[in-house]
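The lines below spell out each chain.
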Amino acid sequence: QSVLTQPPSASGTPGQRLTISCSGSSSNIGTNTVNWYRQLPGTAPKLLIYSNNQRPSWVPDRFSGSKSGTSASLAISGLQSEDEADYYCAAWDDSLNGFVFGNGAKVTVL
Amino acid sequence: VLLVQSGAEVKKPGASVKVSCRASGYTFTDYSIHWVRQAPGQGLEWMGWINPNSGGTNYAQKFQGRVTMTRDTSISTTYMELSRLTSGDTAVYYCARELTLTTSRWFDPWGQGTLVTVSS
């Protein structure tokens, strides 16, 4: 059972805006920054968003992150077929003294 | 910047496995290395980290007593050894470099992963 809670799946049609939520607690998201990773089938996870809302240079601005209280969200605008992947949120947890991940959300483009 | 891991392993229950992660493209001792595993069809699970400069480690409570992370600075390589393996340890094991900015911490890049299969 993951410490951070994500919906197991999300779907949309090309061009739509999709949002994935990540719910935590005061010891993780409520206190520390949130990162998002994308994992294509059979490959290693790759950084998508760091420090709540920062995009690495290789990530298109269609992807954005936000945080409020003990929850965070990843938004994908202009959904494309190549966005089909698993998306994981992550944060440091002060109580567990370690990193915790969400259970992962599988994005499907219809 | 690249992290290259050792190849797949097949182990019997009760045995130990040692996975390596070789870093290149940056100063090895400047960044901590974390280990994360992913069981088949499951999510990501953090195991712990090692500071390549000091050799200091921090392990997730679940793995304490069973995991040992070490490093060899002469070849820019970190190792993760897991002992007393059970079928529940069958997973892909990833190493990842930690980046920090003030109080923010994240992983980039990740190694390609090493599949460890535990089977009698």
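As a reminder, the structure under discussion sits directly above these lines.
Here is what the cut-offs are and how they apply
- Residues numbered from 1 in each chain as written.
- Chains lettered and ligands numbered in written order.
- Predicted model: local features only at pLDDT ≥ 70, side-chain atom pairs only at ≥ 80, totals over all residues.
- Heavy atoms only, no water.
- 1 Å grid on protein atoms, 1.4 Å probe; cavity = no way out; pocket = protein on both sides within 12 Å on 5 of 7 lines; lining within 4 Å.
- Points joined across faces, edges and corners; volume = space filled by probe spheres on them.
- Helix = DSSP H or I, 4+ residues; strand = E, 2+ residues; numbered from the N terminus.
- Nonpolar A, V, L, I, M, F, W, Y, C, P; charged D, E, K, R; others polar.
- Buried < 20%, exposed > 50% of the residue type's maximum accessible area, 1.4 Å probe, protein only.
- Contact = heavy atoms within 4.5 Å.
- Buried area = accessible area lost by both parts, 1.4 Å probe.
- Salt bridge = Lys/Arg side-chain N within 4 Å of Asp/Glu carboxyl O.
- Polar contact = N/O pair within 3.5 Å; in protein donor to acceptor, adjacent residues only side chain to side chain.
- Pairing = 2+ DSSP bridges.

Caption draft 1: Representation of the layout of surface pockets within the structure. When its volume is computed, the largest pocket comes out at roughly 610 Å³. Lining the largest pocket are 24 residues, with Gln1 and Ser2 of chain A together with Leu44, Glu45 and Trp46 of chain B sitting closest to its centre. Of all elements in the fold, only β8 (98-101) of chain A together with β5 (44-50) of chain B reach the threshold of two or more residues within the lining of the largest pocket. Examining the composition of the lining of the largest pocket, we find that four residues originate from one element, β8 of chain A, more than from any other. A per-class count over the lining of the largest pocket returns eleven nonpolar, ten polar and three charged. Within this model, the second largest pocket holds a volume of roughly 260 Å³. Around the second largest pocket sit 17 residues that line it, and Arg38, Pro45, Lys46, Leu47 and Trp58 of chain A are the ones nearest its centre.

Caption draft 2: Layout of the side chain of asparagine 52 of chain A. All names here are of chain A. Note on placement: asparagine 52 falls in the loop between β4 (46-49) and β5 (63-68). With a relative accessible area of 15%, asparagine 52 lands in the buried category. The residues touching asparagine 52, leaving out its near neighbours within four places in the chain, are Thr33, Val34, Gly65, Ser66 and Lys67.

Caption draft 3: A look at the interface of chain B and chain A. With 19 residues of chain B in contact, the opposing surface of chain A contributes 18 residues. Of all residues in chain B, the largest losses of buried area upon contact with chain A belong to Leu44, Arg105 and Trp106 of chain B, amounting jointly to 33% of the total for that side. For the interface between chain B and chain A, the tally reads zero salt bridges. Summed over the shared surface of chain B and chain A, the result is nine residue pairs in polar contact (both at pLDDT 80 or more). Only β4 (33-38), β5 and β10 (104-110) of chain B provide two or more residues apiece to the side of chain B that touches chain A. Tallying contributions element by element places β10 of chain B first for the side of chain B that touches chain A, with six residues.

Caption draft 4: Summary view of the pairing of strand β7 (residues 67-72) of chain B. Residues and elements named next belong to chain B. Of the pairings in the sheet, the one linking β7 to strand β8 (residues 77-82) comprises six bridges and is antiparallel in character. Along β8, the bridge assignment pairs aspartate 72 with threonine 77. Hairpin connection, β7 to β8: the antiparallel pair is bridged by four residues, and serine 76 has positive phi, about 50 degrees.

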